[in-house]
Amino acid sequence: MSILRGRLAPSPTGSQHVGNARTYLLAWLSARSQGGEVVLRMEDIDVWRNKPDAAAQALDDLRWLGLDWDGEAVVQSTRLPEHEAALAELQRLELVYPCTCSRNDIASAASAPHAEHEGPTYPGTCAHRKVADAATLDRPYSWRFRVTDTPAYFDRFQGLVELDLQKLGGDFVVWRAAKVPAYQLAVVVDDAAAGITEVVRGDDLTPSTPRQLLIYKALGLAPPRFAHAPLVVGENGQRLAKRHGDTRLSSLREAGVKPEALLGLLAWSCGWLPEAEPISAKELIPLFRWESVPKEPFVLRSAMLELVGFTSASAAIS
Ligand code: GLU
């Protein structure tokens, strides 16, 4: 019998914050409440944006929250040969073409395109090229996947998702001119290799899912089930970021906040507790359910962080 396998996939491009914690909690609880395993993958292929110590810090954050994982952590940057093999297969199938367009397009492809980074639709400037044309190019080029349709899919949280990739970015980069894989390719190859059957992540990545489904199909791989959860936002309604003040898990830890206090707040925000009372991750396993999680983003207010014991002057969320 095949076992359900979920995953936690932090990127060491910065510190993990309260928003990441809520998404990791959902991913972990969903897997654990179904008796599933959890894989930890450090998504460190955006080498130019990685921050020193951020990977170790992310692992400490997860341990602090009590979100454990099975087996050794997978380090994405060590899997380059597998990523290269997948690119070669896409080339063999003529599903990708070499693209010499703007450095920006190419540079931004390594990281998961969180909503505001989706960017404009690619106009198809290089789409006339064949794979073999790469040999004739005297400029750096990326590889773009040719989008012909947008697979609809059933999201465990959002229901039926039908997007139009032609309007949402069009042909997308799977390999960067810097000769490293883009997020969209690496995530599929690594999730498939790890036998991931359930992906839970923030809903700013919803538009990435049809792209990834195209890659699964092209490579003949079985896709996982997906659930995209609403984000945590600041009081201005925008995705939690530095501008909202310090909500880093490492800062909460250093300030002596108890993980149970934060978990209680997150559990309350997901409708699993009537009040934000301290609780451990393990104790939440039997309380987890998708049905009570609000469809709207969770607005994190400074008063909430004060209630969990984070009274730092820098905790103001605007
Ligand atoms: N590593 C990505 C991030 O932290 C998550 C990508 C995913 O879950 O597919 O933004």
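One can find the structure itself at the top, above this paragraph.
Since this is a predicted model, take the numbers as computed values, not measurements. (Residues numbered from 1 in each chain as written. Predicted model: local features only at pLDDT ≥ 70, side-chain atom pairs only at ≥ 80, totals over all residues. Heavy atoms only, no water.)

Moving on, we come to the packing of aromatic side chains. Within this structure, the stated rule accounts for 7 aromatic pairs. On the basis of an interplanar angle of 70 degrees and a centroid distance of 5.9 Å, the ring pair of Tyr153 and Phe226 is categorised as edge-to-face. Residue Tyr153 is found in strand 6 (residues 153–155), and its partner Phe226 is found in strand 10 (residues 225–229); the two are separated by 73 residues along the sequence. Each member of the pair, Tyr153 together with Phe226, is buried. Relative to Trp290, the ring of Phe157 lies with its centre 5.4 Å away and its plane at 50 degrees, an arrangement referred to as tilted. Taken together, the residues span a long stretch of sequence, with Phe157 in the loop between strand 6 and strand 7 (159–161) and Trp290 in the loop between helix 9 (281–284) and strand 12 (298–299) at a distance of 133 residues. Of the residues examined, Phe157 reaches a relative accessible area of 7% and is grouped as buried. Assessed through its relative accessible area of 6%, Trp290 is described here as buried. Among the aromatic residues, those joined into a cluster by ring pairs are Phe157, Trp272, Phe288 and Trp290. Cation over ring: Arg144 sits above Tyr122, and NZ or CZ is 3.5 Å from the ring centre. (Phe/Tyr/Trp six-rings, centres within 6.5 Å; stacked < 30°, edge-to-face > 60°. Helix = DSSP H or I, 4+ residues; strand = E, 2+ residues; numbered from the N terminus. Buried < 20%, exposed > 50% of the residue type's maximum accessible area, 1.4 Å probe, protein only. Lys NZ or Arg CZ within 6 Å of the ring centre and 35° of its normal.)

Reading across from one edge, 1-2-3 is the order of the 3 strands in this open sheet, with parallel pairing throughout. Across the chains shown, the open sheet's two edge strands, defined by having one partner strand only, are strand 1 (5–8) and strand 3 (74–75). Summarising the sheet, strand 2 (residues 37–42) and strand 3 pair through 2 bridges and their orientation is parallel. What sits directly across from Arg41, in strand 3, is Val74. (Pairing = 2+ DSSP bridges.)

With respect to the element layout, Val200 can be found in strand 9 (residues 198–202). Put simply, Val200 and Gly19 are 181 residues apart on the chain and 14 Å apart in space, counted from C-alpha to C-alpha. Dropping the residues within four chain positions of it, Val200 is found in contact with Thr23, Leu26, Ala27, Ser30, Ala227 and Trp290. (Contact = heavy atoms within 4.5 Å.)

Formed by 51 residues in total, the largest nonpolar core has its most connected members in Val18, Leu26, Leu262, Trp272, Trp290 and Leu300. Secondary structure elements with two or more residues in this core: helix 1 (18–33), strand 2, helix 2 (54–65), strand 10, helix 7 (249–254), helix 8 (259–269), helix 9 and helix 10 (302–307). Among the elements that make up this core, the one with the highest residue count is helix 1 (9 residues). Val161, Phe172, Val199 and Leu219 belong to the second-largest nonpolar core, a separate cluster that totals 32 residues. (Core = buried A, V, L, I, M, F, W, Y, C linked by side-chain atoms within 4.5 Å.)

Turning our attention to helix 1. Between the first and last C-alpha of helix 1 there are 22 Å, a value that for 16 residues agrees with the 22 Å anticipated at 1.5 Å per step. Among the 16 residues in helix 1, 14 count as buried, and that is most of the element. Gly35 sits one or two residues past helix 1 and shows a positive phi near 70 degrees. (Expected span 1.5 Å × (residues − 1).)

All right, on to the sheet that holds strand 8 (residues 172–175) then. Within the open sheet, the 3 strands sit side by side as 4-5-8. Their pairing is antiparallel. Edge positions in the sheet fall to strand 4 (96–99) and strand 8, since each has one partner strand and no second. Sheet twist, expressed as the average angle between the axes of neighbouring strands with direction ignored, equals 45 degrees. As defined by bridge partners, strand 5 (residues 142–145) adjoins strand 8 across 3 bridges and the pair is classed as antiparallel. If you follow Phe145 over to strand 8, its bridge partner there is Phe172. Each of strand 4, strand 5 and strand 8 is contacted by helix 3 (residues 80–92), which is oriented at about 125 degrees to strand 8, the strand it contacts most. With respect to the sheet, helix 6 (residues 208–219) is in contact with strand 5 and strand 8, its orientation differing from that of strand 8 by roughly 50 degrees. (Axes fitted to C-alpha atoms, helices over the stretch in contact; angles between N-to-C directions.)

The subject of this paragraph is the pairing of strand 4. The alternating pattern of strand 4 places Val96 and Pro98 and Tyr97 and Cys99 on opposite faces, both of which are buried. In this sheet, strand 5 lies alongside strand 4 in antiparallel orientation, the contact comprising 4 bridges. When the bridges of strand 5 are listed, Tyr97 appears paired with Arg144.

Taken together, Arg7, Ala9, Ser11, Glu43, Ala112, His114, Tyr183, Val187, Arg201 and Leu205 form the complete shell of residues around the ligand. Interatomic distance of 2.7 Å between a side-chain N/O atom of Tyr183 and an oxygen atom of the ligand. A total of 300 Å² of accessible area belongs to the ligand in isolation, and the protein chains cover 88% of it. (Near = heavy atom within 4 Å. Polar contact = N/O pair within 3.5 Å; in protein donor to acceptor, adjacent residues only side chain to side chain. Areas by Shrake-Rupley, 256 points an atom, 1.4 Å probe, with all protein chains shown as cover.)

As a further point, take the packing of helix 5 (residues 183–193) against helix 6. Where helix 5 meets helix 6, the axes come as close as 9 Å, and the angle between the chain directions of the two elements is 60 degrees. By the criterion of interaxial angle, the relationship of helix 5 to helix 6 is oblique. Considering only the axes of helix 5 and helix 6, their crossing is right-handed. Every residue of helix 6 that contacts helix 5 at Tyr183, Gln184, Leu185, Val187, Val188, Val189, Asp191 and Ala192 is listed here: Ser208, Arg211, Gln212, Ile215, Tyr216 and Leu219. (Parallel < 35°, antiparallel > 145°, perpendicular 65-115°, else oblique. Left-handed = near helix turned anticlockwise from the far one by under 90°.)

With that out of the way, let us pick up unusual backbone geometry. For Asp53, which is not glycine, the phi torsion reads 70 degrees and is therefore positive. Residue placement: Asp53 occurs in the loop between strand 2 and helix 2. Within the chain, Lys179 stands out as a residue other than glycine whose phi angle is a positive 65 degrees. Checked against the element boundaries, Lys179 lands in the loop between strand 8 and helix 5.

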